[in-house]
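Take a look at the letters that make up each chain.
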Amino acid sequence: MQTSTLKEYCEKLGNCAEAARRLGLASNQTLANALKRSTKIYVEHDNNLNPTNCFIKKGWGKFKTT
């Protein structure tokens, strides 16, 4: 199991359209907006780049957890 940022995941796949398709997003624009805002989204995937989990890393408040 590997973890990559959303941007790294797009780069590994070669384009953001393929990443959006594999993540099951309704549109590529959703992914583009997340990248533009630099949202800290992480994708867990296997060696074939098939996603198994996605999460947003929180870094605020009393408990800094995922």
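Calculation notes
- Residues numbered from 1 in each chain as written.
- Predicted model: local features only at pLDDT ≥ 70, side-chain atom pairs only at ≥ 80, totals over all residues.
- Heavy atoms only, no water.
- Helix = DSSP H or I, 4+ residues; strand = E, 2+ residues; numbered from the N terminus.
- Buried < 20%, exposed > 50% of the residue type's maximum accessible area, 1.4 Å probe, protein only.
- Polar contact = N/O pair within 3.5 Å; in protein donor to acceptor, adjacent residues only side chain to side chain.
- Contact = heavy atoms within 4.5 Å.
- Pairing = 2+ DSSP bridges.
- Axes fitted to C-alpha atoms, helices over the stretch in contact; angles between N-to-C directions.

## Re the side chain of Ser4
Move 1: Topologically, Ser4 is positioned in strand E1 (residues 2-5).
Move 2: Under the relative-accessibility criterion, Ser4 is labelled buried at 1%.
Move 3: Side-chain polar atoms of Ser4 contact the side chain of His45, separated by 2.9 Å.
Move 4: For Ser4, the contacting residues outside a window of four places in its chain are Tyr9, Lys12, Ile41, Tyr42, Val43 and His45.

## Notes on the sheet that holds E1
Move 1: Taken in spatial order, the three strands make up an open sheet running E1-E2-E3, and their pairing is antiparallel. If you trace the sheet from one side to the other, it starts and ends with E1 and strand E3 (51-56), each paired once. Each strand of the sheet is rotated relative to its neighbour by a mean of 25 degrees, with strand direction disregarded.
Move 2: Pairing of E1 with strand E2 (residues 41-45) involves four bridges; the strand directions are antiparallel. Across the sheet, residue Thr3 finds its bridge partner in E2, namely Glu44.

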